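Examining the three-dimensional arrangement
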Amino acid sequence: MSHEQYSLQWQEAMTDLMDQVQMENLPAEVAGEGQTQGIGASWENPEWFQHLAVLYIKYIDIYRKLEQSYDQIVHPQKRMLIKKVLESTMARLVQLKKDLSAVNVRPKSQYINFDDILIDLKADPSALELPVPRYFKEQDKDRMEERRQLVDKSLILRFQTDEPEEEDSEDPYQLDINFDVALRLIQKNERGRQGRQRAILMKELTRKNQIEKGKKEEAYQGRQPSQEEKELEATAIVQKFYRSWLARKQVQKMRQEELEFLGMTRKHEKTPEDEDPEADCDRIREVRKMTQNTFEKNYYDSLDVLKAEVQENEGPDIRERLLAERRDWILEQRTLNEGKLPEELDKFYERDNVAKPLTEEELEAKKAEEEAAKKDKKGGKGEKKGKKGKKGKKGKKGKKGKEEDESMKGMYKMQTSAIVQKFQEQVEGYSEDWQDKTEQDNFEQRHDVDMAKSTVRPQVEEEIRLTVDELLKVELENLKAAMETKKKKKKKKKKKKKKKKGKKKKGKPVPGEKLVGNRNPKDLLAELVHCGILRKLQPARVEDFIGDFNFLGSLESRLTEEKMLPMPVPALAQVRQLIVEYACFPLGSQFVRDSLEKITPSILLYGPPGCGKTMLARAIAHQCNALFIDLSPQTIHEQYPGKNGATKMVYTAFKVAKEFAPAVIYVDDCELVFKGGGGKKKKKSKSDPNAPSRIKKDITSHKKLIKAEHRVLVIGATSKPWDGSMKDFKSFFDKHIYIPFPNFSSRKQMWRTFV
């Protein structure tokens, strides 16, 4: 598509976002019609689910449009705004998934079924697909390139190659047999194939003979064929000639390829018709990426030039205006304080921080909140007095309060999101700057100079403001000194008593910090590569985890609630959604991570062996451009021996992960680390210096230290969760995602893809 088409797609996404903001405020409008209990407080959970599900599906559509627009648009200033809206949309999707889990038919289940909603919206399941943003692999290019070179250099020193490791996968079709048995097996199958071919040939010959015999009998009897029979015969003749033509073309193509391979003829020059459309799209995308990088570099280079230009042309005027404002304020303060000059300029910036008068609507809302708070307090007092056993009016109030609480118990209260307010600001910025902007003269989509100046102007003003403040501080000191000499009053300054500095309480040291010391993180990274803990694996994508949606999920969930069916198994498409929302979005975007109330630093993938748990971990690391640090029992066996070896190894892994973020710390067969069972088994594992459970204490301590600014994700995988401690699994991992066997529709999709 052209630049104009992607700009129109962006415009369409922003228009949809405007409608979404209005839909977000719909519960507040409903609640405003005589309700005082909050935003949409009278809605039941099914009504909330319907509202939130529609919002969620619409946001997915907006997200996909914005992601494609950001990937293809080359205008640097447009891309900056699109990225802000895109990250806000990702954060809102994660928030909505949390709200949907609260009002789900299966209480607090993270597997949401949207089949009923899709039917109402007349959409297909592809409307729920969440692709991982492609820009995750392109951000922080310089830092990521330096990290890649460091890893490759360490791999070459240790393994003499920087190629990704090959997967250790067993071929299910490989048979452990000798040559004679294999030869007899091939002969048997080949003879069977030949027999089947002869049977098919004889069947075809018999059919043709019967047709010829029937025609001769009809001609002998003098019966004329019907119109339908003539058409069928004509169709067969056309098919015969067309198939022969296709066969000749195929033979010619094979002969040409053979001659080119043998070097007996020139290579066939490809025409535009012969080109693969996917390869053509990839080539165009590479050209666009090069253009994006060039235009972005030109934009940031021009900012320095424009900054100097604004300082030269507008700087003196800005300086005079700022000086005049502050000097007028100093004179005003001097008049109000009877000739006394202000001590500092801090009060000058506080003069505008006056509370604005509330509107009538805001006053009414405030009164309603105060009344509701009073009622809640009274209800609480009544409950306490009712508990003590006192009878009378106060006890009755307590009963009423309990009844109200019980009636509100099954209802969901929606909390206002700050992201919706950001959406409103971003939509307003788009409307002001881009909605009515004509770009007929900007065919190449280079940056807008006027908008760049408006970006630079506040920076220039801030620098001049600091200079002006320093100048006025000196002027104030000189004025004070002049006034003191004029009045000839010497004031002795009271000596301030120096406060004794108390000893700062040192926090608890991080386990392993003393063992590693102040070593360079680059050396620690090279050490992990040398030990085979930091690995470079084959690239994978979340889209490679092939699976379909459950088209009867809502019905199965309702029957489960009525105890007519067992709990339904989640669909593989739902697993893909959860992986993107809980793992990829927070790991790839710092804004999404900061927007969440509670981060998800660890995820457990559990399910039968061979269902794609390790592949999903590789896909998360690859598509988020993250390091892959493997602390699985098979990898750490006999690594970092000694009493404190496990502590040092875990500290080194987390130190490297935080320093070279984003990073994925993977623990396969984690049931061996979080070992369950009785006390005897635990004593045996402690006696073994290489037991996988030796890292349990340290990895638990370091996982608690992961904060929002650390783009680190711990992924555990197990196919035998019953062998581990359920208590440890629940306390260590924040999210638990079940990876099931594929159902019928998923197997059908896999068959079409692979075969």
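Residues numbered from 1 in each chain as written. Predicted model: local features only at pLDDT ≥ 70, side-chain atom pairs only at ≥ 80, totals over all residues. Heavy atoms only, no water.

Details of the confidence of the model for the protein chain
- For the protein chain, per-residue confidence averages 80 on the pLDDT scale, and 81% of positions sit at 70 or higher.
- Contacts for the low-pLDDT stretch residues 381–397, under 50 throughout, to residues beyond four places or in other chains number ten contacts. (pLDDT = per-residue confidence, 0-100. Contact = heavy atoms within 4.5 Å.)

Section: the pattern of salt bridges
- Summed over all chains, the structure comprises 36 salt bridges.
- Residue Lys 289 pairs with Asp 71 through a salt bridge whose shortest N-O separation is 3.0 Å. With a gap of 218 residues between them, Lys 289 in helix α9 (residues 277–313) and Asp 71 in helix α3 (residues 45–72) connect regions that are remote in the sequence. Here the two residues Lys 289 and Asp 71 agree in accessibility, since each one is buried.
- Each of Arg 321, Glu 325, Arg 326, Glu 461, Glu 462, Arg 465 and Asp 469 takes part in a single network of salt bridges with overlapping partners. (Salt bridge = Lys/Arg side-chain N within 4 Å of Asp/Glu carboxyl O. Helix = DSSP H or I, 4+ residues; strand = E, 2+ residues; numbered from the N terminus. Buried < 20%, exposed > 50% of the residue type's maximum accessible area, 1.4 Å probe, protein only.)

Observations concerning the sheet that holds strand β4 (residues 663–668)
- The mixed open sheet is built from six strands, whose spatial order is β1-β3-β4-β5-β2-β6. The open sheet is flanked by β1 (534–535) and β6 (735–738), the only strands paired with a single partner.
- Inspection of the sheet shows strand β2 (residues 602–606) paired to strand β5 (residues 712–718) by five bridges, in the parallel sense. The residue bridging Leu 605 from the neighbouring strand is Ala 717, located in β5.
- On top of the sheet, helix α21 (residues 613–623) reaches β2, β3 (627–630), β4 and β5; it is set at about 170° to β4, its chief contact. (Pairing = 2+ DSSP bridges. Axes fitted to C-alpha atoms, helices over the stretch in contact; angles between N-to-C directions.)

Thoughts on the nonpolar core
- By size, the foremost hydrophobic cluster in this structure holds 86 residues, and its most contacted members are Trp 10, Phe 114, Ile 579, Phe 585, Ile 620 and Ile 737.
- Examining the composition of this core, we find that 14 residues originate from one element, α3, more than from any other.
- Every residue in contact with Ile 579, bar those within four places of it in the chain, is listed here: Val 542, Cys 584, Leu 605, Leu 616, Ile 620 and Ile 737.
- Counting residues in each nonpolar core, the second largest holds 41 residues, with Leu 525, Val 529, Val 667 and Val 714 among its members. (Core = buried A, V, L, I, M, F, W, Y, C linked by side-chain atoms within 4.5 Å.)

Looking at the packing of helix α23 (residues 645–659) against helix α25 (residues 696–704)
- Where α23 meets α25, the axes come as close as 9 Å, and the angle between the chain directions of the two elements is 30°. Relative to α25, the element α23 lies roughly parallel. Here the hand of the crossing between α23 and α25 comes out right-handed. Between α23, through Ala 646, Thr 647, Val 650, Tyr 651 and Phe 654, and α25, the contact on the second element is made entirely by Asp 698, Ile 699, His 702 and Lys 703.
- For the contact of α23 with α25, the residue count by class is five nonpolar, two polar and two charged. (Parallel < 35°, antiparallel > 145°, perpendicular 65-115°, else oblique. Left-handed = near helix turned anticlockwise from the far one by under 90°. Nonpolar A, V, L, I, M, F, W, Y, C, P; charged D, E, K, R; others polar.)

Points about the packing of aromatic side chains
- According to the stated counting rule, one finds 16 aromatic pairs in the structure shown.
- The interplanar angle of 70° and the centroid separation of 5.0 Å between the aromatic rings of Tyr 135 and Phe 136 together place this pair among those described as edge-to-face. Taken individually, Tyr 135 and Phe 136 each receive the classification buried, so the pair is uniform in this respect.
- The interplanar angle of 40° and the centroid separation of 5.5 Å between the aromatic rings of Phe 628 and Tyr 666 together place this pair among those described as tilted. Pair noted here: Phe 628 is in strand β3 and Tyr 666 is in strand β4, with a separation of 38 residues, a long-range link. (Phe/Tyr/Trp six-rings, centres within 6.5 Å; stacked < 30°, edge-to-face > 60°.)

Examining the packing of helix α4 (residues 76–102) against α9
- Where α4 contacts α9, the axes come no closer than 9 Å and their chain directions differ by 100°. On the basis of the axis angle, α4 is roughly perpendicular to α9. Of α9, the residues touching α4 (which contributes Pro 76, Gln 77, Arg 79 and Met 80) are Lys 289, Gln 292, Phe 295, Glu 296 and Tyr 299.
- Here the contact of α4 with α9 is composed, by residue class, of four nonpolar, two polar and three charged.

Considerations on a negative patch on the surface
- A contiguous patch of negative charge, built from Glu 425, Glu 428, Glu 432 and Asp 433, is present on the exposed surface.
- Positionally, Glu 432 belongs in helix α14 (residues 418–435). (Patch = residues over 30% accessible without salt bridge, like charges linked within 9 Å, V, L, I, M, F, W, Y side chains within 5 Å. Areas by Shrake-Rupley, 256 points an atom, 1.4 Å probe, with all protein chains shown as cover. Lys, Arg positive; Asp, Glu negative; His and termini not counted. Charge placed at Lys NZ, Arg CZ, Asp CG, Glu CD.)

Observations regarding the side chain of Ser 7
- Mapped onto the secondary structure, Ser 7 falls in helix α1 (residues 3–24).
- With relative accessibility at 16%, the residue Ser 7 sits in the buried group.
- Those residues in contact with Ser 7 that sit more than four places away from it in its chain are Ile 73, Lys 78 and Gln 445.

A word on unusual backbone geometry
- The omega torsion across Ala 661 and Pro 662 is 0°, close enough to zero to call that bond cis.
- As for its position among the elements, Pro 662 is in the loop between α23 and β4.
- At Lys 122, a residue that is not glycine, the phi angle is positive and equals roughly 55°.
- Tracing the backbone shows Lys 122 in the loop between α5 (115–121) and α6 (141–159).
- You can call Lys 122 exposed: its relative accessible area is 80%.
- Located in the positive-phi region is Asp 669, a residue other than glycine, with phi close to 50°.
- With respect to the secondary-structure elements, Asp 669 resides in the loop between β4 and α24 (679–687).
- Note on Asp 669: relative accessible area 18%, which makes it buried.

Observations concerning the environment of Arg 64
- Tracing the sequence through the fold places Arg 64 in helix α3.
- Taking the C-alpha atoms as reference points, Arg 64 and Leu 130, 66 residues apart in sequence, are found 7.6 Å from one another.

Points about the pairing of β5
- Most of β5 sits inside the fold, with seven of its seven residues counted as buried.
- Side chains Val 712, Val 714, Gly 716 and Thr 718 project from β5 onto one buried face, and the interleaved Leu 713, Ile 715 and Ala 717 project onto a second face that is buried too.

Describing empty space enclosed by the protein
- Evaluated as defined, the whole model comprises three cavities of 30 Å³ or more.
- By volume, the largest cavity is sized at about 50 Å³.
- Its residues placed into classes, the lining of the largest cavity shows five nonpolar, four polar and one charged.
- By volume, the second largest cavity amounts to about 40 Å³.
- Phe 136, Gln 139, Asp 140, Arg 143, Met 144, Cys 624, Asn 625, Pro 662 and Arg 711 together form the lining of the second largest cavity.
- Residue classes in the lining of the second largest cavity are distributed as four nonpolar, two polar and three charged. (1 Å grid on protein atoms, 1.4 Å probe; cavity = no way out; pocket = protein on both sides within 12 Å on 5 of 7 lines; lining within 4 Å. Points joined across faces, edges and corners; volume = space filled by probe spheres on them.)

Concerning α23
- With 15 residues, α23 should reach 21 Å at 1.5 Å per residue; the first-to-last C-alpha distance of 21 Å fits that figure.
- The buried count for α23 comes to eleven of 15 residues, which makes it a mostly enclosed element.
- Gly 645, Ala 646, Thr 647, Met 649, Val 650, Tyr 651, Thr 652, Ala 653, Phe 654, Val 656 and Ala 657 are the residues of α23 that are buried. (Expected span 1.5 Å × (residues − 1).)

Topic: the side chain of Thr 600
- Position of Thr 600 relative to the elements: it lies in the loop between α20 (590–595) and β2.
- Classification of Thr 600 by relative accessible area gives buried; the value is 13%.

Observations regarding the environment of Phe 741
- Checked against the element boundaries, Phe 741 lands in the loop between β6 and α27 (744–754).
- Remark: the alpha-carbon pair of Phe 741 and Ala 571, spanning 170 residues in sequence, is separated by 9.1 Å.
- Here Phe 741 is in contact with Pro 608, Pro 609, Cys 611 and Arg 747, once residues within four sequence places are set aside.

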